[in-house]
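Here is how the chains run, residue by residue.
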Amino acid sequence: MTKGEIVQQPNSRFLKVKCLDCENEQIIFGNASTEVKCLKCDKVLAKPVGGKTKLQPIAREVETLQ
Ligand SMILES: [Zn+2]
C-alpha cells in the first residue's frame, strides 16, 4: 500500500484549533473572511489576512482537517 500524491486544497480546509485561554477546541474554516471567536470565552482566535485565516497567539492549531 503506497501513499499517492499529496492533494493540496488551499481553499477548502478546516482547522481544529484550541483556545489556550479556556482550552476550548473548535473547528474553524481555514479561509474565513471574518474574525473567528472562541465559542466559549469569546476571544478572537483568528483573523483574515490576505484571504487566509491567521491564527492569533492565543489559538493553537491542533490538526488540519481535509
Ligand atoms: Zn476560549
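Definitions and limits used
Residues numbered from 1 in each chain as written. Predicted model: local features only at pLDDT ≥ 70, side-chain atom pairs only at ≥ 80, totals over all residues. Pairing = 2+ DSSP bridges. Helix = DSSP H or I, 4+ residues; strand = E, 2+ residues; numbered from the N terminus. Core = buried A, V, L, I, M, F, W, Y, C linked by C-beta atoms within 7 Å. Buried ≥ 20, exposed ≤ 12 C-beta atoms within 10 Å, placed from the backbone. Contact = placed C-beta atoms within 7 Å.

If you walk across this open sheet you meet the 3 strands as 3-4-5, and the pairing is antiparallel. Only two strands of the sheet have a single neighbouring strand rather than two, namely strand 3 (36-37) and strand 5 (52-55). As paired strands, strand 4 (residues 44-49) and strand 5 are joined by 4 bridges and run antiparallel to one another. Across the sheet, residue lysine 47 finds its bridge partner in strand 5, namely lysine 54.

Counting 9 residues, the largest nonpolar core consists of Leu15, Val17, Cys19, Ile28, Val36, Cys38, Leu45, Ala46 and Ala59. When contributions to this core are tallied by element, the ones reaching two or more residues are strand 1 (14-19) and strand 4. Considering each element in turn, this core owes the most residues, 3 residues, to strand 1. Each residue touching alanine 46, except ones within four places of it in the same chain, is listed here: Ile28, Ala32, Val36, Thr53, Lys54, Leu55, Gln56 and Ala59.

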